[in-house]
Number of protein chains: 2
Amino acid sequence: MRTEGLRERKKLDTRRRIEGAALELFEQNGFEATTIDDITAAVDIAPRTFFHYYSTKEDVVLADYADRLARITDTLAERPVDEAPWTALQNAFVAVAADYEIERLQLLRRFRIMATTPSVYARSLHLQAGWEDTVAIALTDRMGLETDHDITPRLLAAAALAAMRASLRHWLAGGGTTALPQQVAHCFDRFASGLVND
Amino acid sequence: MRTEGLRERKKLDTRRRIEGAALELFEQNGFEATTIDDITAAVDIAPRTFFHYYSTKEDVVLADYADRLARITDTLAERPVDEAPWTALQNAFVAVAADYEIERLQLLRRFRIMATTPSVYARSLHLQAGWEDTVAIALTDRMGLETDHDITPRLLAAAALAAMRASLRHWLAGGGTTALPQQVAHCFDRFASGLVND
DNA sequence: ACACAAATATGCAGTCATTGCAACTATGCT
DNA sequence: AGCATAGTTGCAATGACTGCATATTTGTGT
């Protein structure tokens, strides 16, 4: 077995073609004005097939989210156990921020669509709420706490996501030219040193 | 003109009847299993009319959100200008928390539906993102900053919402029996004193 | 009580995402 | 070659939501 056989390769290819064509169309004509039929026609597959790859139109725009979360949990798991939770969290999110910068152009494309499409934005927030759950659980475990007994892990996770979102917004406002990892780190520091003025 | 005339009263009445019947049906049969037709049949209005009152099915569940936001901004505006931003914010959110406790049963009903229905949850998060915008703007103004120049107001607003959500989740887990305002205040304090352990 | 303007309610037709199901085709393995 | 499996397609149906034209109802002035 080489790269997992023709079947797998073909499937991955189709997925990428769908994503490429869809993003293209979304940018060109707007997310809502683009129908599933438009997308599948562009990729030359049956409309029904689209839903074997993505469960909603919104998910095409946010296709990278699963990897981001994996990156966070992976990094979190790698951090030494004696590291303070908030510091470990900071490292995990800075890692994602670094990824973002590398894929800057792709990201800007996706975010531009998200920012102008309510349903995509809503979906994004919903997915991020899922991240919060996952991260909160990981922290609960890491901190050796009983499940659902302490609000702390949840608060930390929520704060981390908030820091990330605020940073990202700032970064996007600047067209993705400022230093994102530094910005994220800065927001984390602000939380760590108390939010009261400066 | 007394209470705004028959027209206004009737409209308000219809709105309430829609909400009552809808929530009832959502609880009974589930949000997704309940169709617009079911709701309008129960209230004896035309299906088309539903959309004159609520723009989406989800919005019925979250009908109280507009008032919550108003409560926050109102309280925020009332706080003395020399009060620290974070403290003013805390007061505003504690006020909402107090409201929540008063309408405890209604709230539990709504939240139970929200917690079990992805689309409603997503919509809720989206609306809260709108709160974040509004609060961030109010803070920018209050702190005498240039619009979009400083990330601080956004970070504060996001943290406040995060504190509120975490508190609410905790409160709901306990069936709404614990003291919500105190919980909210506590989360705000945690942020103010830095998130690093204790 | 009457009549007209404004606000509401309704009916209808159409678009579109999304789903279940059954038939069909390509791929992998023996 | 020949079967089992995975992936693709077509079809039909559901249900939210919208635009538009047509009633109905209410507010107001006579």
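Residues numbered from 1 in each chain as written. Chains lettered and ligands numbered in written order. Predicted model: local features only at pLDDT ≥ 70, side-chain atom pairs only at ≥ 80, totals over all residues. Heavy atoms only, no water.

Undergrad: Hey, could you run me through helix H8 (residues 118–142) of chain B in this one?
TA: Its 25 residues give H8(B) an end-to-end C-alpha distance of 36 Å, which sits within 8% of 36 Å, the value for a rise of 1.5 Å per residue. Gly144(B) occupies a position one or two residues after H8(B) and carries a positive phi of about 65°. (Helix = DSSP H or I, 4+ residues; strand = E, 2+ residues; numbered from the N terminus. Expected span 1.5 Å × (residues − 1).)

Undergrad: Can you walk me through the protein's contact with DNA strand C in this structure?
TA: Neighbouring residues of DNA strand C: 21 residues in total, closest Arg7(A), Arg48(A), Lys11(B), Thr49(B) and Tyr53(B). Arg48(B) has a polar side-chain atom sitting 3.4 Å from a base oxygen of DNA strand C. Between a phosphate oxygen of DNA strand C and a side-chain N or O atom of Tyr53(B), the distance comes to 2.6 Å. Taken together, the residues that form the surface near DNA strand C break down as 6 nonpolar, 7 polar and 8 charged. (Near = heavy atom within 4 Å. Polar contact = N/O pair within 3.5 Å; in protein donor to acceptor, adjacent residues only side chain to side chain. Nonpolar A, V, L, I, M, F, W, Y, C, P; charged D, E, K, R; others polar.)

Undergrad: In this structure, what is going on with the relation of the copies chain A and chain B? I would like to understand it.
TA: Mapping between the two chain copies consists of a rotation about an axis together with a translation along that axis. Expressed as a screw operation, the relation of chain A to chain B combines 0.0 Å of axial shift with a rotation of 180°, fitting to an RMSD of 0.0 Å. Read as a symmetry element, the transformation amounts to a two-fold axis. In terms of proximity to the rotation axis, the leading residue of chain A is Gly194(A), whose C-alpha is 2.1 Å off the axis. Comparing interface residues between copies, 100% of those in chain A also lie at the interface in chain B; the contact surface is shared. (Least-squares fit on C-alpha atoms with pLDDT ≥ 70 in both. Contact = heavy atoms within 4.5 Å.)

Undergrad: Got a minute to help me understand the nonpolar core in this structure?
TA: Side chains of a nonpolar character, in soluble globular proteins, are inclined to be buried together. If you look at the biggest cluster of nonpolar residues, it comprises 111 residues, and the most contacted ones within it are Leu89(A), Phe93(A), Phe191(A), Leu89(B), Phe93(B) and Phe191(B). Once residues lying within four places of it in the same chain are set aside, the contact partners of Phe93(A) are Ile72(A), Ala160(A), Leu161(A), Met164(A), Val184(A) and Phe188(A). (Core = buried A, V, L, I, M, F, W, Y, C linked by side-chain atoms within 4.5 Å. Buried < 20%, exposed > 50% of the residue type's maximum accessible area, 1.4 Å probe, protein only.)

Undergrad: I keep staring at the interface of chain A and chain B and nothing clicks. Help me out?
TA: Interface size is commonly expressed as the accessible area that is lost once the parts come together. Facing 31 residues of chain A, the contacting portion of chain B comprises 31 residues. When chain A packs against chain B, the two sides together hide about 2,800 Å² of surface, and 73% of this comes from carbon and sulfur. In terms of surface lost to chain B, no three residues of chain A exceed Ile151(A), Leu155(A) and Leu195(A), which account for 22% of the buried area on that side. Counting across the interface, chain A meets chain B through 2 salt bridges. Two residues, Asp133(A) and Arg169(B), come together in a salt bridge whose shortest N-O distance is 3.7 Å. Where chain A packs against chain B, one counts 2 residue pairs in polar contact (both at pLDDT 80 or more). Contributing elements (two or more residues each) for the side of chain A that touches chain B: helix H8 (118–142), helix H9 (152–173) and helix H10 (180–192) of chain A. For the side of chain A that touches chain B, the element with the most residues is H9(A), which contributes 13 residues. (Buried area = accessible area lost by both parts, 1.4 Å probe. Salt bridge = Lys/Arg side-chain N within 4 Å of Asp/Glu carboxyl O.)

Undergrad: So what exactly am I meant to see when it comes to the protein's contact with DNA strand D here?
TA: The environment of DNA strand D is made up of 19 residues, and the closest members are Lys11(A), Thr49(A), Tyr53(A), Lys10(B) and Arg48(B). Those atoms of DNA strand D that come within 4 Å of the protein belong to sugar or phosphate at a rate of 63%. One of the side-chain nitrogen or oxygen atoms of Lys11(A) is found 2.5 Å away from a phosphate oxygen of DNA strand D. Among the residues making up the surface near DNA strand D, the classes are represented as 6 nonpolar, 6 polar and 7 charged.

Undergrad: So what exactly am I meant to see when it comes to the domain arrangement of chain A here?
TA: Residues and elements named next belong to chain A. Under the domain assignment, chain A is made up of domain 1 (2–55) and domain 2 (62–192). Here the C-alpha centroids of domain 1 and domain 2 sit 27 Å apart. Contacts between domain 1 and domain 2 engage 10 residues on the former and 11 residues on the latter. Taken over both partners, the interface formed by domain 1 and domain 2 buries close to 760 Å², and the fraction arising from carbon and sulfur atoms is 57%. The largest per-residue losses of area from domain 1 upon contact with domain 2 belong to Leu 23, Glu 27 and Phe 31, which jointly make up 61% of the total buried on that side. There are 4 salt bridges connecting domain 1 and domain 2. Here Glu 27 makes a salt bridge to Arg 109, at a shortest N to O gap of 3.2 Å. On inspection of domain 1 and its partner domain 2, the count reaches 4 residue pairs in polar contact (both at pLDDT 80 or more). Classifying every residue of the side of domain 1 that touches domain 2 gives 4 nonpolar, 2 polar and 4 charged. (Domains from an automatic or database assignment.)

Undergrad: Hey, could you run me through the packing of aromatic side chains in this one?
TA: Here a ring pair, both rings aromatic, is described through the centre-centre distance and the interplanar angle of the planes. On inspection of all chains with the given rule, the structure shows 17 aromatic pairs over all chains. Between Phe93(B) and Phe188(B), the aromatic rings sit 5.8 Å apart at their centres with planes inclined by 40°, giving tilted as the arrangement. Residue Phe93(B) is found in helix H6 (residues 85–102), and its partner Phe188(B) is found in helix H10 (residues 180–192); the two are separated by 95 residues along the sequence. As far as burial versus exposure is concerned, Phe93(B) and Phe188(B) are alike and both buried. Clustering of aromatic rings is evident, with ring pairs tying together Trp86(A), Phe93(A), Phe188(A), Phe191(A), Trp86(B), Phe93(B), Phe188(B) and Phe191(B). Lys57(A) extends its terminal NZ or CZ atom over the ring of Phe31(A), reaching a point 4.6 Å from the ring centre. Directly above the aromatic system of Tyr54(B) lies the positively charged group of Arg15(B), at a separation of 5.3 Å from the ring centroid. (Phe/Tyr/Trp six-rings, centres within 6.5 Å; stacked < 30°, edge-to-face > 60°. Lys NZ or Arg CZ within 6 Å of the ring centre and 35° of its normal.)

Undergrad: Just checking my understanding: could you explain the pattern of salt bridges for this structure?
TA: Any two side chains of opposite charge can pair, so long as their charged atoms come close to each other. Overall, the coordinates contain 28 salt bridges over all chains when judged by the stated rule. Of the charged contacts in the structure, one is a salt bridge between Arg154(A) and Glu132(A), with a shortest N-O distance of 3.1 Å. Note that Arg154(A) is positioned in helix H9 and Glu132(A) in helix H8, a separation of 22 residues in sequence. Each member of the pair, Arg154(A) as well as Glu132(A), carries the same accessibility label: buried. Asp59(B) serves as the salt-bridge partner of Arg123(B), at 2.8 Å between the closest nitrogen and oxygen. In this pair, Arg123(B) is assigned in helix H8 and Asp59(B) in helix H4 (residues 57–61), connecting sequence segments 64 residues apart. On the basis of relative accessibility, which here comes to 26%, the residue Arg123(B) falls in the partly exposed class. Several salt bridges share partner residues, and in doing so they unite Glu19(A), Asp64(A), Arg68(A), Glu103(A) and Arg110(A) into one network.

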